[in-house]
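# Observations on chain architecture
Each chain is listed here by its residues.
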Amino acid sequence: MKTFLRQQLERYPIRLKELDFFLQQPEVVQDMDRFRALGREHTEVSEVAALFERFLDRESGLAQAREMLEDPEMAEMARDEIAALEAEIPGLEEELQRLLLPKDPDDVRNTFLEIRAGTGGDESALFAGDLLRMYTRYAERQSWRVEIVSESEGEVGGYKEVVIRVVGDGVYGKLKFESGGHRVQRVPATETQGRIHTSACTVAALPEPDEAQAVQINPADLRIDTYRASGAGGQHINKTDSAVRITHLPTGIVAECQDDRSQHRNKAKAMQVLAARIKEKERSERAAKEAATRKGLIGSGDRSDRIRTYNFPQGRLTDHRINLTLYKLQFIMEGDLDEVVEALLLARKAEQLEELEIGLGGR
């Protein structure tokens, strides 16, 4: 095990004793917010400390078994024990590394997924519809629920823009690397010469803010407009001004919702989207500052980053951030995104481990 990892792990048994002490203090027990926060930390620290203790036990056992090799009568038993321990220890080390990596508290959250047509006109809008179908099918595979928040349909099909809310366990943790530019190369249905066209869409994955930690928005900074919904809302919706558009005047950020028949519920959903977009703007600005000194493998999640190409003639998907190429585009467009998502998560873990080592001086 690398020295920097061992030094990190040696802090956990010490911290566990501190937490045991704090959780017994009357003033902590009476402060429920602090008690819950320390309780959550105790659970996490206990897991790491217990696993590290097991690792040290196996490491000590390996050293003793190697010493037993000197005794001819014990050599055969020692070799068996060495083989077993050498097989177990790397797995324990890998699990400890995983537990040490920083956790993104937003990973467990529901997600607003925005898909916008870009360059390519009608073909781009059609591709936006294909991406919506891909993500909806993927959500079904994960047993997540999808709600359309707002939509602006394309002239020949698809969408100029569509925003969905994806609800379920760990949604943002799996969808957060979808943010960026998605490029498609294919022969449009309207192309008579069989020429391949290139068009693009942008996707943004925004974690739904926790109400307790939501961005504080001054009502005086908002302009709220109501209008009649259009699109797939049905006749009833179109008779009333139920759709809501909210503009945050200081930033110019706009959010709208036309999904529900109730203006009140549409306003509440639009406020959620607005809060998510404002929070994402703050996150993007922080990421841009960090990127000025270190360009992450996965990227900043900026809409301008071209992250992926969907080449239909070759049946190929390429994720440019991690040089991943898969020749199973037909399945991917039907929601089989697991291989792509897992590859991105593994790349991010490797990146975090490198950051951890650099942050500790690589000792």
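Up top is the structure these notes are about.
Residues numbered from 1 in each chain as written. Predicted model: local features only at pLDDT ≥ 70, side-chain atom pairs only at ≥ 80, totals over all residues. Heavy atoms only, no water.

### Notes on the overall build of the protein chain
For clarity, the cut-off: Helix and strand definitions here come from DSSP, where helices need a minimum of 4 consecutive H or I residues and strands a minimum of 2 consecutive E residues; each element is numbered from the N-terminal end. Buried means the residue's accessible area, taken with a 1.4 Å probe over protein chains only, is under 20% of the maximum for its type, while exposed means over 50%, and partly exposed covers the values in between. Only heavy atoms enter the contact rule, under which two residues are in contact if any of them lie within 4.5 Å. Accessibility throughout is a Shrake-Rupley quantity obtained with a 1.4 Å probe, and a residue counts as covered only by protein chains that appear here.
Each helix and strand counted, the protein chain has eleven helices and eleven strands in total. The burial tally for the protein chain puts 41% of its 363 residues in the buried class. Within the protein chain, residue pairs in contact and separated by at least 24 positions form 61% of the contacts whose partners lie at least 6 positions apart. Of the accessible surface of the protein chain, which amounts to about 20,000 Å², a share of 49% is contributed by carbon and sulfur atoms.

### Considering the packing of aromatic side chains
Note the following rule: Two rings from Phe, Tyr or Trp (for Trp, the six-membered ring) form a pair when their centres sit within 6.5 Å of each other. Planes less than 30 degrees apart are called stacked, planes more than 60 degrees apart edge-to-face, and all others tilted. A ring is considered to have a charge above it if a Lys NZ or an Arg CZ atom is located within 6 Å of its centre and within 35 degrees of its normal.
Inspection of the entire model under this criterion finds four aromatic pairs. Both rings, one in Phe127 and one in Tyr310, keep their centres 5.3 Å apart while their planes meet at 70 degrees; by these two values the pair is edge-to-face. Here Tyr310 lies in strand E9 (residues 306–311) and Phe127 lies in helix H6 (residues 122–141), a separation of 183 residues in the sequence. Across this residue pair, the class does not change: Phe127 and Tyr310 are buried. It is Arg186 that lies over the ring of Phe312; its NZ or CZ is 4.9 Å from the centre.

### Quick word on the sheet that holds strand E11 (residues 324–326)
Stated formally: When DSSP finds two or more bridges between two strands, those strands count as paired. Inter-axis angles, ranging from 0 to 180 degrees, are taken between N-to-C directions of lines fitted to C-alpha atoms, where helices are fitted over the stretch in contact.
Taken in spatial order, the eight strands of this open sheet run E2-E3-E1-E5-E4-E9-E10-E11, and their pairing is mixed. Sheet topology places strand E2 (145–153) and E11 at the edges, where each strand pairs with a single neighbour. Here the average twist between neighbouring strands, direction ignored, is 15 degrees. Here strand E10 (residues 316–319) runs beside E11; their pairing, made up of three bridges, is antiparallel. By the bridge assignment, Asp319 is partnered in E11 with Leu324.

### Here we look at the packing of helix H4 (residues 32–68) against helix H5 (residues 75–100)
To keep things clear, this is the line we draw: Should an angle lie under 35 degrees it is considered roughly parallel, over 145 roughly antiparallel, and from 65 to 115 roughly perpendicular; all remaining angles are considered oblique. In this scheme, a crossing is called left-handed if the near helix is turned counterclockwise away from the far one by less than a right angle; it is called right-handed if the turn is clockwise. Three residue categories are used. Nonpolar comprises Ala, Val, Leu, Ile, Met, Phe, Trp, Tyr, Cys and Pro, charged comprises Asp, Glu, Lys and Arg, and polar comprises the others, including Gly.
Between H4 and H5, whose axes approach to 8 Å, the crossing angle comes to 155 degrees. The angle between H4 and H5 places the two elements in the roughly antiparallel class. Seen along the crossing, H4 lies across H5 with a hand that is left-handed. The residue makeup of the contact of H4 with H5, split by class, is 16 nonpolar, one polar and ten charged.

### Overview of the side chain of Glu114
Following the sequence through the fold, Glu114 ends up in strand E1 (residues 111–117). Residue classification places Glu114 among the buried positions, given a relative accessible area of 1%.

### Topic: unusual backbone geometry
One non-glycine residue, Ser143, adopts positive backbone phi at about 65 degrees. The topology assignment puts Ser143 in the loop between H6 and E2. Notably, Asn323 is not glycine yet its phi reads approximately 55 degrees, a positive angle. By the element assignment, Asn323 lies in the loop between E10 and E11.

### Observations regarding the environment of Ala189
Within the element layout of this structure, Ala189 appears in the loop between strand E4 (180–186) and strand E5 (197–207). When the C-alpha positions of Ala189 and Glu123 are compared, they lie 8.9 Å apart, and in sequence the two are 66 residues distant.

### A short note on the packing of helix H2 (residues 11–22) against H4
Two elements in contact, H2 and H4, have axes separated by 9 Å at closest approach and are oriented at 150 degrees. In the crossing of H2 with H4, the sense of the turn from one axis to the other is left-handed. Of the residues in H4, those in contact with Tyr12, Pro13, Arg15, Leu16, Leu19, Asp20 and Phe22 of H2 are Leu38, Glu41, His42, Val45, Ser46, Val48 and Ala49. Taken together, the residues of the contact of H2 with H4 break down into nine nonpolar, two polar and three charged.

### Focus: the pattern of salt bridges
This is how it is decided: Throughout this description, the term salt bridge denotes a Lys or Arg side-chain nitrogen within 4 Å of a carboxyl oxygen of Asp or Glu.
Evaluated as defined, the whole model comprises 32 salt bridges. The partner of Arg116 in a salt bridge is Glu114, and the shortest N-O contact between them spans 3.8 Å. Several salt bridges converge on common partners, so that one network encompasses Arg145, Glu147, Arg165, Glu208 and Lys269.

### Focus: the sheet that holds strand E6 (residues 222–227)
Judged by pairing direction, the sheet is antiparallel, and its three strands sit side by side in the order E6-E7-E8 without closing on themselves. In the strand order of this sheet, the two ends are held by E6 and strand E8 (253–257), each with one partner. This sheet shows a mean twist of 15 degrees between the axes of neighbouring strands, independent of strand direction. Note that E6 and strand E7 (residues 243–248) share six bridges and pair antiparallel.

### Let's talk about the nonpolar core
Put simply, the rule reads: Nonpolar cores were defined as sets of buried Ala, Val, Leu, Ile, Met, Phe, Trp, Tyr and Cys residues, with membership established by side-chain atoms within 4.5 Å.
The biggest cluster of nonpolar side chains holds 36 residues, and the ones touching the most others in it are Ile115, Leu131, Met134, Tyr135, Tyr310, Leu337 and Val340. Of all the secondary-structure elements, those providing two or more residues to this core are E1, H6, strand E3 (159–167), helix H7 (171–175), E5, E11, helix H10 (329–333) and helix H11 (338–359). Here the element with the most residues in this core is H6; it accounts for eight residues. In this structure, Leu206, Val244, Ala270 and Leu274 belong to the second largest nonpolar core, which totals 18 residues.

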